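# Structural features, examined
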Amino acid sequence: MTSTIKQFHSRASASGHVAERRLPSYSAGQVCLPMQILGSAETMEHETYWTEHSHPTHELLWRDDGVGTVTIGTRTWTITPPLGMWVPAGVPHSGWTPAGVVVKAAQFDVDDPPMGNAPTTVRIHPLLRLLLSRLQTLEPGTDSYALTEAMILDVLSPAEHEVIVHRPTAELLTPIVETVLTDPSDQTTLQEWATRLGTSPRTITRAFTAETGLGFNRWVTTARIHCAITLIGLGCEIPDAAADVGYASASAFTTACRRITGTTPANLRAEVPQSRLSV
């Protein structure tokens, strides 16, 4: 987590308190649900971190507003209102959310998972959001509950885009990764890194591609956008977020954001509650 984001965390939390939650680790199917889907919602009073844990059920996480993250191994996904996260049963993961966000989750029975057994970004479109909310108003075991479950399973689908930062572990890349994740505005070029590390640009690019599937420039852009989206979700103005992650102009930032996320910073900003703007 970057120092820029940490500074915004303390400003975004009304109390300044940071909570840590520890949950148990279950294997897939260790506990069975009496229904196909069980939903929940909780308003986070404080900025909250969940230490690594796993569920006996599949889990869908989403937000109606605000942001959050889910980390699985070396990969961190950003949750935004249009993008939820499918975490398969038994998969260890950790998470973070700022204060004031309503964390919404649905646990899915392990039989016939609708999204498979791999972590997946889910498109939280208006119909799915409505159905998930409706489920929590119904009595389990009723025909209406079963019908709503069936409709959720029918419309659940992967997102076309995802905001994910894959942190490579190669020793060669450690200085680059630590620098960019600590200060995403860092402007050190590939050639400059190669000179500093005593290697070639091609070697660095191959190392990034081998672990993340992305070349150096694409990885740096993704890390910057990941940070910027979090800042916007915490209430940062778009020009400030762009500058904080190293973009000299709003247009360049918008182009990069659209390329990585499929949407614009303005659309992401529109999802932020008024109470969290300009914190």
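Let us look at the pattern of salt bridges. Evaluation of the coordinates by the stated rule reveals 5 salt bridges. When the shortest N-O distance is used, the salt bridge between Arg-22 and Glu-20 registers 3.0 Å. The exposure classification of Arg-22 matches that of Glu-20, with both residues exposed. Because the salt bridges share partners, they merge into one network encompassing Asp-64, Lys-104 and Arg-129.

Take unusual backbone geometry next. With a phi close to 50°, Asp-112 is a non-glycine residue in the positive phi region. Within the element layout of this structure, Asp-112 appears in the loop between β9 (102–108) and β10 (120–123). Overall, Asp-112 belongs to the exposed group, its relative accessible area being 74%.

Adjacent strands of a sheet pair through backbone hydrogen bonds, lying either parallel or antiparallel. Pairing is antiparallel across the open sheet formed by 5 strands, whose spatial order is β2-β9-β4-β7-β10. Where the open sheet ends on each side, the last strands, each with one partner, are β2 (37–43) and β10. Strand-to-strand twist across the sheet, computed as the mean angle between neighbouring axes with direction ignored, equals 25°. Inspection of the sheet shows strand β7 (residues 83–87) paired to β10 by 4 bridges, in the antiparallel sense. What sits directly across from Trp-86, in β10, is Thr-120.

To continue, consider the packing of helix α2 (residues 126–135) against helix α3 (residues 143–155). Where α2 contacts α3, the two axes come as close as 10 Å, and the packing angle between them is 150°. Classified by the angle their axes make, α2 and α3 are roughly antiparallel. Where α2 crosses over α3, the handedness of that crossing is left-handed. Two secondary-structure elements touch here, α2 through Leu-127, Leu-128, Leu-131, Leu-132, Arg-134 and Leu-135 and α3 through Ser-144, Tyr-145, Thr-148, Glu-149, Met-151, Ile-152 and Val-155.

Further remarks concern the pairing of β9. Summarising burial for β9: 6 of the 7 residues are buried, a large majority. As defined by bridge partners, β2 adjoins β9 across 7 bridges and the pair is classed as antiparallel. What sits directly across from Thr-43, in β9, is Val-102. Across 6 bridges, the pairing between strand β4 (residues 58–63) and β9 is antiparallel. The residue of β9 that forms the bridge with Glu-59 is Gln-107.

Rules used throughout
- Residues numbered from 1 in each chain as written.
- Predicted model: local features only at pLDDT ≥ 70, side-chain atom pairs only at ≥ 80, totals over all residues.
- Heavy atoms only, no water.
- Salt bridge = Lys/Arg side-chain N within 4 Å of Asp/Glu carboxyl O.
- Buried < 20%, exposed > 50% of the residue type's maximum accessible area, 1.4 Å probe, protein only.
- Helix = DSSP H or I, 4+ residues; strand = E, 2+ residues; numbered from the N terminus.
- Pairing = 2+ DSSP bridges.
- Axes fitted to C-alpha atoms, helices over the stretch in contact; angles between N-to-C directions.
- Parallel < 35°, antiparallel > 145°, perpendicular 65-115°, else oblique.
- Left-handed = near helix turned anticlockwise from the far one by under 90°.
- Contact = heavy atoms within 4.5 Å.

Geometric descriptors of this kind do not, in isolation, establish any biological role.
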